[in-house]
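Summary of structural features
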Amino acid sequence: MRTLFYSLRLAGLLAVAAGAVSSCLNPPDYSTTPSIDNAQLTSTRLGTGGARRDSMVVSVTYQDGNGDLGLSDADIAGPFASNPKNYFLQPQLKNATTGVFADFTTSTIPLGQYNGRYPRITADGTKEAPVKGTLQYGQAFLLGSPFRPGQEVRFVVSIQDRALNRSNVVTTNSIIIP
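Not measured: the values here are computed from a predicted model. (Residues numbered from 1 in each chain as written. Predicted model: local features only at pLDDT ≥ 70, side-chain atom pairs only at ≥ 80, totals over all residues. Heavy atoms only, no water.)

All right, on to the packing of aromatic side chains then. This structure, assessed with the given rule, holds 5 aromatic pairs. Ring geometry for Phe104 and Phe147: centres 5.2 Å apart, planes at 50°, overall tilted. Taken as a pair, Phe104 in the loop between strand E4 (101–103) and strand E5 (131–142) and Phe147 in the loop between E5 and strand E6 (152–159) lie far apart in primary sequence, 43 residues in all. On the accessibility criterion, Phe104 (11% relative accessible area) is buried. A relative accessible area of 3% places Phe147 in the buried class. One Lys or Arg, Arg154, reaches over the ring of Phe101 and ends 3.9 Å from the middle of that ring. Geometry around Phe88 places Arg166 over its ring, the cationic atom sitting 3.6 Å from the centre. (Phe/Tyr/Trp six-rings, centres within 6.5 Å; stacked < 30°, edge-to-face > 60°. Helix = DSSP H or I, 4+ residues; strand = E, 2+ residues; numbered from the N terminus. Buried < 20%, exposed > 50% of the residue type's maximum accessible area, 1.4 Å probe, protein only. Lys NZ or Arg CZ within 6 Å of the ring centre and 35° of its normal.)

Listed below in structure tokens is the structure:
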């Protein structure tokens, strides 16, 4: 009888432990509209002499409830035929006099010029599931073009999934162009 009691007690403890572990394995409940946060801008000077460039990298953390983030080379039809972009960047420059940031555009650099494309986060044929991680998007600029030394720049960022759901908008930290 005593052995039966210990066996039942051990079985009960194992059941409680199994329940606790399985509750930890439930997938997170994210929205199917992507969400981004923690936007960071970093800059690195590359090259020497006349080939010098500034490499700027924008990083954001993301989460999405069904994992339909990113575009493959096959995603060129339908809604992506006219706009194959899914990473939206708008640079802003700080006015040295007023201290206010404003969208950076010129006659040769229209809005949307810095938009890009990031690849699929999950493999084709993967079951829909919540995903989270970090996206990094980099671009190299010739020294003094389009941003001049001493200017303070930041980026306004959003992303889009394959269902054309647009994320929230976040703003990176600012950097001063060396």
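A separate point is the confidence of the model for the protein chain. For any part of a model where pLDDT is low, the fine detail of the predicted coordinates should not be relied upon. In the predicted model, the protein chain carries a mean pLDDT of 82, and the fraction of residues at 70 or more is 84%. Mean pLDDT in the protein chain bottoms out at helix H1 (residues 2–24), which sits at 46, and peaks at strand E7 (residues 170–171), which reaches 98. In this model residues 1–17 is a low-confidence stretch, pLDDT under 50, and it forms 0 contacts with partners more than four residues away in sequence or in other chains. (pLDDT = per-residue confidence, 0-100. Contact = heavy atoms within 4.5 Å.)

Take the environment of Ser158 next. Turning to its location among the elements, Ser158 is positioned in strand E6. Setting aside anything within four residues of it in sequence, one finds Ser158 in contact with Ile36, Asn86, Tyr87, Phe88, Arg166, Ser167, Asn168 and Val169. A polar contact is formed between the side chain of Ser158 and the side chain of Arg166, at a distance of 3.1 Å. (Polar contact = N/O pair within 3.5 Å; in protein donor to acceptor, adjacent residues only side chain to side chain.)

This part takes up the pairing of strand E2 (residues 53–64). Of the pairings in the sheet, the one linking strand E1 (residues 35–46) to E2 comprises 10 bridges and is antiparallel in character. Residue Thr42 lies in a different strand from E2, and its bridge partner there is Val57. Here E2 pairs with E5 via 12 bridges, running antiparallel. Paired with Val57 across the two strands is Gly138, which belongs to E5. (Pairing = 2+ DSSP bridges.)

One pass over the full model with this rule turns up 2 salt bridges. Asp75 is the salt-bridge partner of Arg120, the closest N and O atoms lying 3.0 Å from each other. One end of the pair, Arg120, is in the loop between E4 and E5; the other, Asp75, is in the loop between E2 and strand E3 (87–94), and 45 residues separate them in sequence. Since its relative accessible area comes to 26%, Arg120 is described here as partly exposed. (Salt bridge = Lys/Arg side-chain N within 4 Å of Asp/Glu carboxyl O.)

Once that is clear, we can look at the environment of Val169. By the element assignment, Val169 lies in the loop between E6 and E7. Assessed through its relative accessible area of 56%, Val169 is described here as exposed. Taking the C-alpha atoms as reference points, Val169 and Ile36, separated by 133 residues in sequence, lie 7.5 Å from one another. Val169 has contacts with Val156, Val157 and Ser158, leaving out every residue within four places of it along the chain.

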